Amino acid sequence: MALLAGLRVPARSLLRAGARLRDAALGRWERAAGGGGDGARSFGSQRVLVEPDAATGVAVMKLWNPPVNSLSLDLLTELVISLEKLENEKTFRGIILTSDLPGIFSAGLDLTEMCGRNPAHYAEYWKALQELWLRLYQTHLVVIAAINGASPAGGCLLALSCDYRVLADNPKFIIGLNETLLGIVAPFWFKDTMINTIGHRATERALQLGLLFRPAEALQVGVVDQVVPEGQVQGAALSAMTQWLAIPDHARQLTKSMMRKATADRLLTQREADIQNFVSFLSRDSIQKALQVYLEKLRQKKG
Ligand SMILES: CCCCCCCCCCCCC/C=C/C(=O)SCCNC(=O)CCNC(=O)[C@H](O)C(C)(C)COP(=O)(O)OP(=O)(O)OC[C@H]1O[C@@H](n2cnc3c(N)ncnc32)[C@H](O)[C@@H]1OP(=O)(O)O
């Protein structure tokens, strides 16, 4: 009930949620894609819905982890599985990554996974996040983020890891790596991903100040590539996809790898140390206190 109290979604969505939870309990669910007629079927898990269109080779991947699509351990795991499945299907060349929750793309890392747990849990959680980033950042598929809501911190990382970003024009849809505002530090691979997108100086300023950009600023600094009216974000992402898919796959994929491999390798060569850093950083009393205070503030916002 407490979870439901936090939901700000219409009754229709609650019914849909109920159906998904039921189906998830039965294992992976599948349903026919609306009138596609091309044999493509939606598939997914409890928190990730994938709507593949075999005719175009593009799948829409929707995050659904109420209330704010925080990147819980379960969501991270389900995202990796869905990505892997699409990568293994030869018919698919592109993914549109978006949210199935109104007004939120992703609230970033799930603070409840980082607060009051034990070191083994922190290690497992961080490894899952590394896994998702390594896969998303290096996937041979074209990934376009259709950002239809707020996207702080880890939500911004998700978007930055895509090949192209379209943001819906709403001043509430802020995006950025705001870790310093929480008293924590963006890890080097978050920082590298942002540098590769907007350059060193802009990243230095954004990271130190924990800047969360509104759409016009996000476009200006280059955090996103396009800003479109709300309601047009998925259509605009699909249009952009046409341009990306017009390029021969082998040439585009080799170029993507050439641009991104060194950044990914930097994490791959020190993965274990990065996990240990995270665990020891998070195990400090001062960090736990800062996170608890921040979480409490978020919870009291409504009260
Ligand atoms: C010496 C140096 C060594 C360096 C070593 C490095 C080590 C590494 C250090 C660690 C680095 C970690 C990197 C962290 C990345 C992150 O992503 S941290 C998470 C950051 N996210 C945020 O700050 C976003 C917080 N949320 C919001 O701002 C808002 O919720 C929203 C997304 C803008 C949505 O607003 P609104 O629609 O008004 O919803 P709310 O009412 O605020 O929230 C609804 C409920 O959801 C809960 N919630 C919100 N965000 C989170 C979250 N990220 N995790 C878990 N839960 C969240 C919120 O508490 C509400 O809950 P209830 O009150 O219970 O309903």
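What counts and what doesn't
- Residues numbered from 1 in each chain as written.
- Predicted model: local features only at pLDDT ≥ 70, side-chain atom pairs only at ≥ 80, totals over all residues.
- Heavy atoms only, no water.
- Helix = DSSP H or I, 4+ residues; strand = E, 2+ residues; numbered from the N terminus.
- Buried < 20%, exposed > 50% of the residue type's maximum accessible area, 1.4 Å probe, protein only.
- Contact = heavy atoms within 4.5 Å.
- Areas by Shrake-Rupley, 256 points an atom, 1.4 Å probe, with all protein chains shown as cover.
- Phe/Tyr/Trp six-rings, centres within 6.5 Å; stacked < 30°, edge-to-face > 60°.
- Lys NZ or Arg CZ within 6 Å of the ring centre and 35° of its normal.
- Near = heavy atom within 4 Å.
- Polar contact = N/O pair within 3.5 Å; in protein donor to acceptor, adjacent residues only side chain to side chain.
- Nonpolar A, V, L, I, M, F, W, Y, C, P; charged D, E, K, R; others polar.

Some details on the overall build of the protein
- The secondary structure content of the protein amounts to 12 helices and 11 strands.
- Counting across all 303 residues of the protein, residues that qualify as buried make up 50%.
- Put simply, of all contacts in the protein between residues at least 6 apart along the chain, 71% involve residues at least 24 apart.
- Summed over all atoms, the accessible surface of the protein reaches about 14,300 Å², with 57% contributed by carbon and sulfur.

Some details on the packing of aromatic side chains
- In total, this model carries 7 aromatic pairs according to the counting rule given.
- Here the aromatic cluster, defined as three or more aromatic residues joined through ring pairs, consists of Trp 126, Trp 133, Tyr 137, Trp 189, Phe 190 and Phe 278.
- A cation sits over an aromatic face here: Arg 260 above Tyr 137, 4.3 Å from the ring centre.

A short note on the site of the ligand
- The environment of the ligand is formed by 28 residues, the closest being Ala 107, Leu 109, Gly 154, Tyr 294 and Lys 301.
- In the model, an oxygen atom of the ligand is placed 2.9 Å from a nitrogen or oxygen of the Gly 154 main chain.
- With respect to the ligand, the side chain of Tyr 294 contributes an N or O atom lying 2.6 Å from an oxygen atom.
- With the chains in place, 80% of the 1,300 Å² that the ligand exposes on its own is no longer accessible.
- Those elements giving two or more residues to the shell around the ligand turn out to be helix 11 (271–282) and helix 12 (285–300).
- With 3 residues, the top contributor of residues to the shell around the ligand is helix 12.
- In terms of residue class, the shell around the ligand is made up of 16 nonpolar, 5 polar and 7 charged.

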